[in-house]
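Geometric and topological summary
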Amino acid sequence: MKVAILGFGTVGSSVARILSEHPQGVTLSCIFNRGIDRKRVPWIPSSVLWTENFEEVLASNPDIVVEVAGGLHPAGEWVRRSLAAGKSVVTANKKMIAEHGPALEELARRHGCQLLYGAAVAGGVPVIPAVQQGLNGDRIIRLHGILNGTCNFILSNMENGAEFESALREAQERGYAEANPTEDVDGFDARAKLVILSRIGLRMEVLPEEVDCRTIRDVSAIDFAYAKELNCTIRQISRAEVRNQELLATVGPMLVPRTSPLSWSRATENMVISGGQYGGETVFSGHGAGGNPTAVAVLSDVLAIAHGGCPVTITSTRARVDGDLTVPHYIRFIVDDRPGIVAEIAGDLAGQRININALLQKPGYPKDRLPFVVTVEPCRSSALKAALAKIARLDCMQAPPFDLQMLEEQLS
């Protein structure tokens, strides 16, 4: 079978190299990229067509089109035209699949071809095929995990003492983060992946903008110090659970107990934990970023099509999303210290029927900018938001209160 690659960046070039070195019954026939002359490399076979004209890609009559250019436009148009021409498509484009996956799958069915996207979530970790096929006999009711390697790298470095800005710069220098890191650090990348997992695993169809996500920019080194006191660390966690035909879902930095496998994930590793009604928990872990790991996932999909794998039909239900979860919270305050502050905070929390669980104050900080932490028992996120809005108006507050959800195995 002939394979055309759309996009010859980090992932596309890795796909091409593996195909050139280990063809496994499929042949690289075409490479498409803008400014193609600057992309040419000597190790690609001379028989391969290099082009920056998409019409020439379709005219070369590939059996499988691999889309690794990314983004919604024009990649979405290329994928639609390929499927409409009866060409199976393999993509790593999580944004496109999160927003248009069901419509594209229906287009593939109408034209007798396949759309596979195993590389769209967790890079080289085979979460999607495992959930679609290996766990298809179970009823998955919850999914949670680390879905963005860039954030995991940043927060791992912060755990070792770095501040956010320096950890971000290192991630950019190593090629893990873009010059504009918004998609990663503000949670949009992980949110798109959670939407895909919710559809294929929980059979709940939602739009990315319906899922609440929070940035990791506001996490500081002091939060890791207090997290350590609580026998926790901090990670960007994506989680979703089906409850009464509703999807409880959120993405953001959270306190993770040291007893959780998610606390062990370092650098750019991804980890997903699925919870099944019958099979219990299954953990998937591995490299979630980088050219070679992602290329392995792409080529696994290519080989599945080439070797006659049957398309997986996903039946999902349009769901309502609720991000107002009942969970314990960590709250960090920075105050100009004076008598009565804790009593005022406790009173405002009590006004929303929120109980304090613990209070922590590390020594060695100036009294006029004193950081201390309160943890509270499980409460509705909306109730805590209302209480913190009132607390923020206290004249002693030197910065807005900062809260993090504390990860529990099940949402409520």
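The structure this text deals with has already been given above.
Below, the structure is looked at part by part. Predicted model, so just to flag it, every value in this text is computed and none were measured.

**Overview of the pattern of salt bridges**
Inspection of every chain in the model, using the stated rule, returns 25 salt bridges. Several salt bridges share partner residues, and in doing so they unite Glu-159, Arg-235, Arg-258 and Arg-266 into one network.

**Remarks on unusual backbone geometry**
The step from His-73 to Pro-74 runs through a cis peptide bond, and the omega angle for that step is 5°. Here Pro-74 shows up in the loop between β4 (64–67) and α3 (75–84). Residue Ala-122 is not a glycine yet carries a positive backbone phi of 65°. Along the polypeptide, Ala-122 turns up in the loop between β6 (115–116) and α5 (127–134). Note on Ala-122: relative accessible area 1%, which makes it buried. Despite not being glycine, Arg-203 has its phi angle at roughly 60°, a positive value. As for its placement among the helices and strands, Arg-203 is situated in the loop between α9 (188–201) and β8 (204–205).

**What about the packing of helix α6 (residues 149–159) against helix α7 (residues 164–173)?**
Contact pair α6 / α7: the axes reach a minimum separation of 9 Å and the direction vectors enclose 135°. In terms of orientation, α6 and α7 fall into the oblique class. The interaxial crossing formed by α6 with α7 has right-handed handedness. Seen from α6, the contacting residues are Phe-153, Ile-154, Asn-157 and Met-158; seen from α7, they are Phe-164, Ala-167, Leu-168, Glu-170 and Ala-171. Looking at the contact of α6 with α7 residue by residue, the class counts come to seven nonpolar, one polar and one charged.

**Thoughts on α3**
Residues Ala-75, Gly-76, Trp-78, Val-79, Ser-82 and Leu-83 constitute the buried set of α3. Across the axial projection of α3, the buried residues extend over an arc of 160°, all falling on one side. Buried residues belonging to α3 abut β1 (2–6), β2 (27–32), α2 (54–59), β4, β5 (88–91) and α4 (94–110). Backbone geometry just downstream of α3 places Gly-86 in the positive-phi region, at approximately 85°.

**Overview of the packing of aromatic side chains**
Under the criterion given, the structure shown has seven aromatic pairs. Between Phe-8 and Trp-43, the ring centres sit 6.4 Å apart and the planes meet at 35°, which makes this aromatic pair tilted. Residue Phe-8 is found in the loop between β1 and α1 (10–21), and its partner Trp-43 is found in the loop between β2 and β3 (49–51); the two are separated by 35 residues along the sequence. Residue classification places Trp-43 among the partly exposed positions, given a relative accessible area of 29%. On the numbers, 4.8 Å between centres and 80° between planes, the contact of Phe-32 with Trp-78 is edge-to-face. Here Trp-78 lies in helix α3 and Phe-32 lies in strand β2, a separation of 46 residues in the sequence. Members of the aromatic cluster, connected to one another through ring pairs, are Phe-8, Trp-43 and Trp-50. Above the plane of the ring of Trp-43 lies Arg-17, whose end atom (NZ or CZ) is 3.9 Å from the centre.

**Remarks on helix α11 (residues 291–306)**
One turn of the α-helix equals 3.6 residues, which is why residues spaced by three or four share an orientation. If you check α11, its first and last C-alpha atoms are 22 Å apart, about what 16 residues at 1.5 Å a residue would give, namely 22 Å. Turning to α11, its buried residues number three or more, namely Gly-291, Thr-294, Ala-295, Ala-297, Val-298, Leu-299, Asp-301, Val-302, Leu-303 and Ile-305. Buried positions along α11 lie against β1, α1, β4, β5 and β6. Directly after α11, the chain includes Gly-308, whose backbone phi takes a positive value near 85°.

**Here we look at the sheet that holds β1**
If you trace the six strands from one edge of the open sheet to the other, you get β3-β2-β1-β4-β5-β6, paired in parallel fashion. In the strand order of this sheet, the two ends are held by β3 and β6, each with one partner. Relative to β3, β2 runs parallel, the two sharing three bridges. Within β3, the residue paired with Cys-30 across the bridge is Leu-49.

**Points about the pairing of strand β11 (residues 246–257)**
Along β11, eleven of the twelve residues are buried, which leaves the element largely enclosed by surrounding structure. Note that strand β9 (residues 212–213) and β11 share two bridges and pair parallel. Bridged to Cys-213 within β11 is Val-251. Note: strand β10 (residues 232–243) against β11, twelve bridges, orientation antiparallel. Following the sheet pairing, Ile-234 is matched in β11 by Leu-255. What sits between β10 and β11 in their antiparallel hairpin is a turn of two residues, with Asn-244 showing a positive phi close to 55°. Bridge count between β11 and strand β15 (residues 320–322): three bridges; the pairing is parallel. From the neighbouring strand, Leu-248 faces β15, where its bridge partner is Asp-322.

Scoring rules and cut-offs
Residues numbered from 1 in each chain as written. Predicted model: local features only at pLDDT ≥ 70, side-chain atom pairs only at ≥ 80, totals over all residues. Heavy atoms only, no water. Salt bridge = Lys/Arg side-chain N within 4 Å of Asp/Glu carboxyl O. Helix = DSSP H or I, 4+ residues; strand = E, 2+ residues; numbered from the N terminus. Buried < 20%, exposed > 50% of the residue type's maximum accessible area, 1.4 Å probe, protein only. Axes fitted to C-alpha atoms, helices over the stretch in contact; angles between N-to-C directions. Parallel < 35°, antiparallel > 145°, perpendicular 65-115°, else oblique. Left-handed = near helix turned anticlockwise from the far one by under 90°. Contact = heavy atoms within 4.5 Å. Nonpolar A, V, L, I, M, F, W, Y, C, P; charged D, E, K, R; others polar. Arc of directions from axis to C-beta. Phe/Tyr/Trp six-rings, centres within 6.5 Å; stacked < 30°, edge-to-face > 60°. Lys NZ or Arg CZ within 6 Å of the ring centre and 35° of its normal. Expected span 1.5 Å × (residues − 1). Pairing = 2+ DSSP bridges.

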